[in-house]
Amino acid sequence: MSSFGFRGWVMPLLLLVCGGLVLYPLAFLIIESLNIGDPQSFPPEELGLANYLELFEEPRVITNTLLVASIATVLAVLFGFIQAWILTRTIIPGRDRLERLMELPYYMTPLIGALAWGVLLGPKTGLINQVWQSTGWTSDFFNIYTPWGIAWVMALFEGTVAFVMISASMKSMDPSLEESSRVLGAGKLRTALKITLPLVAPGVLSATIFVFSEMLGSFAAAFVLGIPGRFFVVTTAIWEATLSFPPDYGRAAAMGLSLFGAMVLTLGCARLIMRHGSYTTITGKAFRPRAMEVGAMRFPLMTIAWGYIIVAVILPLGALLLTSMERFATVIIPQMQFTLANYETALRMGSLAPAFANSLILGVSVATLGVPTIGVLAWIIYRSRVPGRGLMEFVIMIPAAVPRLVFGLGLLWAWINIPIPIYGTLWLLGIAYFTVFLPLGLRTIAGVVLQVDPSLEECARVCGASWGYQMRTVTLPLLRPGLVAAWLLIFIASVRELGVSIFLMGPNSKVIAPAIVNSWLSSSSELSAAMALMQTAMVFVAVAILFRVARRVTGAPA
Amino acid sequence: MRRLAPRVLSVVAACLLATAARAAESCANPHQMQGFKTCADIGTAEREGGLVVYSTDPEAASESVLAEFHALFPKINTTYFRLQGGALYAKLLAERQGQAYLADITQLSDMSFAFDFQKRGGYMRYISPELAAYKPDYRSTPDGYWTWGALVVAGIAYNPNLVPADEAPRNWPDMMNPKWADAISVKVTISGLQHTTWYMLRQLYGNDFWKNLAPSKPHAFDSYVQQFDRLVNGQDKVAVTAQYSGYLLMKAKGAPVEFVYPPDGLIATPQPWGIVKEAPHPEAARLFMDWFLGAPGQTVNARFQCDYSARDDVDPPPGGAKSSTFKLLTPTDWKAFEQSHAAYVREWDKLTGMR
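(A) Structural view of the domain arrangement of chain A. Residue and element names in this part refer to chain A. Per the domain assignment, the segments of chain A are domain 1 (1-27 + 340-558) and domain 2 (49-338). Domain 1 and domain 2 are separated by 21 Å when their C-alpha centres are compared. Tallying the contact residues gives 60 residues for domain 1 and 65 residues for domain 2. Of the roughly 5,200 Å² buried between domain 1 and domain 2, counting both surfaces, carbon and sulfur atoms make up 74%. The interface formed by domain 1 and domain 2 contains two salt bridges. The residue Arg496 makes a salt bridge to Glu158 at a minimum N-O spacing of 3.9 Å. Those elements that place two or more of their residues in the side of domain 1 that touches domain 2 are helix 16 (341-348), helix 18 (389-401), helix 19 (404-416), helix 21 (438-449), helix 23 (467-495), helix 25 (512-522) and helix 26 (525-554). Looking at the side of domain 1 that touches domain 2, the element that brings in the most residues is helix 26, giving 13 residues.

If you want it as structure tokens, here you go:
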């Protein structure tokens, strides 16, 4: 009965609620994208396709977006895959510490990376460019204010997401397959390319789709590094369109929704690839995840792993620390004057502590409630035979395809028109975060769900286990790496969320990321750097405490 | 007679309501407080216990301003909410459309927003006793909807380490010199201050004035923070539409920046402040507006925000020149200014590489 109850009622209810959460604000966005009259009248007085047609007349912003997103995705997945392979499949000194450090870039708001790399590789006076020119070169080593620079920063920070998603798949892989390859005479590289890579294809594909969609909607790097170089992408154009007067919501919504095309194509390709192969690596045969001994290669591999950490974590944090301790932000060494006043100012701001607390509350609650819910959704989509599950996957992925700045507007219009008094409260932010992070959770868990052989679950059922018992004793333990990864990703994504929060937070429900951006836009770079470092430290401490608690509760390494 | 009675009753009721409304809008005998007058009932304001301000001003400085008000009225807890002008106005309108009234006071960075908000009936009318200190041009028509709570002033800034004083621009047309190519910054199209600068300098020098800047490919930024950061780092040599408040803050920190006061005038854009209709704390909002528009509030605002007051009896921001020593350029025909917006967006987007 309980099984029937769950499958008969809970599943459709879950699909209905999650579908509604996504489709309801989307309907507002679609209507607004067709608004060709007064942009501030809602519902629109005049409807038409002019906003979409305008995009075709001026496709530069769309092509810029696709260019940067493609370069950044390739780089991020490459970084993520290499790091995941080194840290999960090989034995190198300090592996555990490196794995923890790999999460750090994701703890920081993307604005940090962009600001820090502006300090390091800004044209003429970036710190690295100064060092480069001091060795006799007359030109810059690299100008970060270019499309390649934007893609580089985006890739460094999203590389961590790719790492978490891919390493979750790699951890769930039977090492005997790699060992068989080695026994049959294949080298380490050949084994990695011919065995490891195809077996973790679902994880890699999930990561690629997710990272690409994140890149399409990425704002901070393009905002900080693109505008000085007069290079505009969809998100920066949306920022300008929504902030101008009269606001051009119609054009912003049309631009945001136009990214659907790219996303539908990506998702279609992914489904096509998945249909043509079996990616099951967790079968009834017992195995223990084991890493390879790589002999003398361990030092070059360790250098590569540390190289990424240095470039993605240590250099940006160092640049930011330097900026945060300056009286005024400068990269010219003789001009630098140091002070701790920025930290004092940040700590004195009465709104900062509640913003930190709200971000933490939201991060923990959205991740804790979201992961089981999304886990069940992933199981329904990839394991059950519920009709329309493909459509459901598509619907859940929609928030990833629409820039959050635009989706935030849709959520604002949608929820403010519901006669439930949650506007301006943390409840609404929680619901909004859950909605926009559905794709992140689904993609992370999907990578592992696809690796679990259904025969294991069938075996449990044949042995008389109920659906619930089978989920608890077989499916969930096998999905544990994916669920932990999803929890971590959703927690951190919530803590650093910006696009949706800008429109949904209220005076009594402030969160930290918009406060940092506001400070950068209106106060000073040095104060923003201090606030950003405090946020990073807060997330790091929170994650460390949560993992310690998890370890105590489960008695196993998290 | 039976038909007349309801009409008489309704007229009497309307008169009573109008009288009550007028009483709320203004008063004959305001209370004299420390340095300002108020028509607000302080007991009621304190019982309301809160005040929510929506504004575009920097958060740290705004919290300091509100802290001063809170120190005077400790029973009124103040909350501040900051967003960029367009986003803030979008949020305010969406909230009103959804009947979610969270804001008591609003500061909109652009006059266009204020006119629009007034047209939509968004402001609560309140004729502060402090309005007498403001010139009629600095107040809404009719009085009591919004008032210029501050003036944001802008000119030209440069880095003296890169540009010797005798080679620095002296007046607005000097920024057209090709020597500033790829080393000059302006603000992005969405900036209200940039719109004012574009409008006023076209009025001064002709409609083709800005076309001469295009070959220099100016870099456009959302905020003065980025403009001054690039200036001190040598990535740009000159910043146009450089906010005076930003210059004062940077100068006080010892940054290598200098400011040019063009003899033809500095650009000044007003910040309209007003009470939001359906404010959740209306009496506290009236009390705050009286304090803020009074000399104490304006002095505190000038000190923390480094903006100028529209009152004549308030000192300039710390380190700032007296406003009487320079000429201010502000639109007088606001309707023409509003109508120029589409042409401005077209030209500025093109000039800054946005389109």
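On we go.
(B) Just the confidence of the model for chain B, in detail. Put simply, chain B has an average pLDDT of 89, and 93% of its residues get 70 or more. Considering only residues more than four positions removed or in separate chains, one finds that residues 15-23 of chain B, a stretch of pLDDT under 50, has zero contacts.

(C) Quick look at the side chain of Thr330 of chain A. Its location among the elements puts Thr330 of chain A in the loop between helix 15 (298-324) and helix 16. A polar contact of 3.0 Å, which involves the side chain of Thr330 of chain A, links it to the side chain of Asn233 of chain B. Leave out the neighbours within four places in its chain, and Thr330 of chain A touches Gln335 and Met336 of chain A together with Val232 and Asn233 of chain B.

(D) Examining the environment of Ile304 of chain A more closely. All names here are of chain A. Relative to the helices and strands, Ile304 is located in helix 15. With 206 residues separating them in the primary sequence, Ile304 and Lys510 have C-alpha atoms 40 Å apart. Leaving out residues up to four positions away in the same chain, Ile304 has contacts with Ile82, Gln83 and Ile86.

Cut-offs and rules
Note on numbering: residues in each chain are counted from 1, in written sequence order. The naming scheme follows written order: chains are lettered A onward, ligands numbered 1 onward. Under the rules for a predicted model, residues below a pLDDT of 70 receive no local features and side-chain atom pairs below 80 are neither given nor counted, while totals for whole chains, interfaces and linings still include all residues. With hydrogens and water stripped out, all remaining heavy atoms of the structure feed into the side-chain values. A domain assignment, automatic or from a database, supplies the domain bounds used here. Throughout, a contact is declared for two residues whenever any of their heavy atoms are within 4.5 Å. Buried area: the sum, over both parts, of the accessible surface (1.4 Å probe) that disappears when the two are put together. Only one rule defines a salt bridge in this text: a Lys or Arg side-chain nitrogen within 4 Å of an Asp or Glu carboxyl oxygen. Secondary structure counts use DSSP, requiring at least four H or I residues in a row for a helix and at least two E residues in a row for a strand, with both numbered from the N terminus. pLDDT is defined as a per-residue confidence score from the predictor, taking values between 0 and 100. N or O atoms closer than or at 3.5 Å make up a polar contact, with two conditions inside protein: a donor-capable atom paired with an acceptor-capable one, and, for residues adjacent in sequence, both atoms drawn from side chains.

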